[in-house]
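Residue strings, one per chain:
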Amino acid sequence: MRKDFGPQSWLLPMPVLVVGTYNGNGTPNAMTAAWGGIYDTNQVMLCLAQDHLTTENIRAAKDFTVSFATEKTVAAADFVGTESGRDLPDKVGIAGLHAETSEHIYAPCFDEMPLALECRLNHFTEDGIVVGDILHVTADGSILTGDGDVDLEKLAPVSFDPVNNVYRAACGRVVGQAFAVGASVMEAHHEPDTD
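Attention here is on the structure that accompanies the text. Worth saying up front: this structure is predicted, and the values here are computed from it rather than measured.

All right, on to the sheet that holds strand β9 (residues 115-124) then. One open sheet holds the seven strands; their spatial order is β3-β2-β6-β9-β10-β5-β4, and the pairing between them is antiparallel. What marks the edges here is a single partner per strand, and that holds for β3 (28-33) and β4 (36-40). On average, each strand axis in the sheet is inclined to that of its neighbour by 35°, with strand direction left out of account. Bridge analysis of strand β2 (residues 17-22) against β3 gives six bridges, and the strand direction is antiparallel. Counted as the bridge partner of Val19 is Met31 from β3. The strands that helix α2 (residues 74-82) touches are β2 and β3; relative to β3, the one it contacts most, it runs at about 95°.

See the structure below:
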């Protein structure tokens, strides 16, 4: 028997995304958004309240970064997600994050978060969802494989578990090759009769 929890905002796992912008005075700002993901090819979407300083910054500068919180940065990510830059103008520094301006856009990349999507505002939807074009994906060399690809085990991203309100290690064992493992279903369906 299945248990009914009623309507819940559960999508598992949920990425822990740290959105980087610059305030009007040029200081870096960061906030954590749990509700975000891919919107379309090379586009990201973020569900941000309209009164957030980050939303205001995106409207003004158009550029922003989306970094992935990691096991090492989970406390900093939680902090910048629970404190407002309006109340703590140096919340990035207080969180122990070090910002450098992207080489491609006017938005901060955080040294401690080694994988970032560098984005430019495409539009806000009718519901106020931020849609950004992913112009560049940049990664620190510390998380790359010998072939130069991103190694998720080295990145060690975390996910948000909204059921239990905890962060969880998101990198698990490989259980199948995408766009290939499903072929086994058809192979099993078409096994020849042994009569």
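Moving on from the model shown.
Turning our eyes to something else, we now look at the side chain of Ser67. Within the fold, Ser67 resides in strand β6 (residues 63-68). Classification of Ser67 as buried rests on a relative accessible area of 0%. Residues contacting Ser67, with those up to four places away along its chain left out, are Val16, Leu17, Val18, Phe110, Met113, Leu115 and Ala116.

What follows is about a nonpolar patch on the surface. A cluster of nonpolar residues, Phe5, Trp10, Leu12 and Val163, forms a patch on the protein surface that exposes about 370 Å² of accessible area. Along the chain, the position of Val163 falls in the loop between β11 (158-161) and β12 (166-169).

Let us look at the packing of aromatic side chains. Taken as a whole, this structure holds three aromatic pairs when the rule is applied. Its end group placed over the ring of Phe124, Arg59 keeps NZ or CZ at 3.8 Å from the ring centre.

What follows is about the pairing of strand β5 (residues 43-46). Here β5 shows two buried faces, one formed by Gln43 and Met45 and the other by Val44 and Leu46. Across four bridges, the pairing between β4 and β5 is antiparallel. Along β5, the bridge assignment pairs Ile38 with Val44. Counting the residues in the hairpin turn of β4 and β5 gives two residues, including Asn42, whose phi is positive at 55°. For β5 and strand β10 (residues 130-139), the ladder comprises four bridges, and the chain directions are antiparallel. Residue pairing across strands places Met45 opposite Val131, the latter belonging to β10.

Right, let's get into helix α1 (residues 53-61). Of all the positions in α1, only Leu53, Thr54, Thr55, Asn57 and Ile58 are classed as buried. Among the residues trailing α1, Lys62 stands out with phi positive, at a value near 75°.

Turning next to the nonpolar core. Leu46, Ile58, Phe64 and Val130 are the most contacted members of the largest nonpolar core, which totals 16 residues. Those residues in contact with Ile58, other than ones at most four positions away along the chain, are Val19, Thr21, Leu48, Phe64, Leu121, Phe124 and Val130. Of all hydrophobic cores here, the second largest spans 15 residues; its members include Ala30, Ala69, Leu97 and Phe160.

The strand order across the open sheet formed by three strands is β1-β11-β12, and the pairing between neighbours is antiparallel. In the strand order of this sheet, the two ends are held by β1 (14-15) and β12, each with one partner. Note: β11 against β12, four bridges, orientation antiparallel. Note that in β12 the partner of Ser159 across the bridge is Arg168.

Position of Val137 relative to the elements: it lies in strand β10. Spatially, the C-alpha atoms of Val137 and Leu117 are 4.6 Å apart, while their sequence positions differ by 20 residues. Once residues lying within four places of it in the same chain are set aside, the contact partners of Val137 are Leu115, Ala116 and Leu117.

Turning next to the state of the cysteines. All told, the structure shown has zero disulfides when counted by the stated rule. For Cys119, which is in no disulfide, the shortest distance to another cysteine sulfur is to Cys109 and amounts to 10 Å.

So, how was this worked out
- Residues numbered from 1 in each chain as written.
- Predicted model: local features only at pLDDT ≥ 70, side-chain atom pairs only at ≥ 80, totals over all residues.
- Heavy atoms only, no water.
- Pairing = 2+ DSSP bridges.
- Helix = DSSP H or I, 4+ residues; strand = E, 2+ residues; numbered from the N terminus.
- Axes fitted to C-alpha atoms, helices over the stretch in contact; angles between N-to-C directions.
- Contact = heavy atoms within 4.5 Å.
- Buried < 20%, exposed > 50% of the residue type's maximum accessible area, 1.4 Å probe, protein only.
- Patch = residues over 30% accessible without salt bridge, like charges linked within 9 Å, V, L, I, M, F, W, Y side chains within 5 Å.
- Areas by Shrake-Rupley, 256 points an atom, 1.4 Å probe, with all protein chains shown as cover.
- Salt bridge = Lys/Arg side-chain N within 4 Å of Asp/Glu carboxyl O.
- Phe/Tyr/Trp six-rings, centres within 6.5 Å; stacked < 30°, edge-to-face > 60°.
- Lys NZ or Arg CZ within 6 Å of the ring centre and 35° of its normal.
- Core = buried A, V, L, I, M, F, W, Y, C linked by side-chain atoms within 4.5 Å.
- Disulfide = S-S within 2.5 Å.

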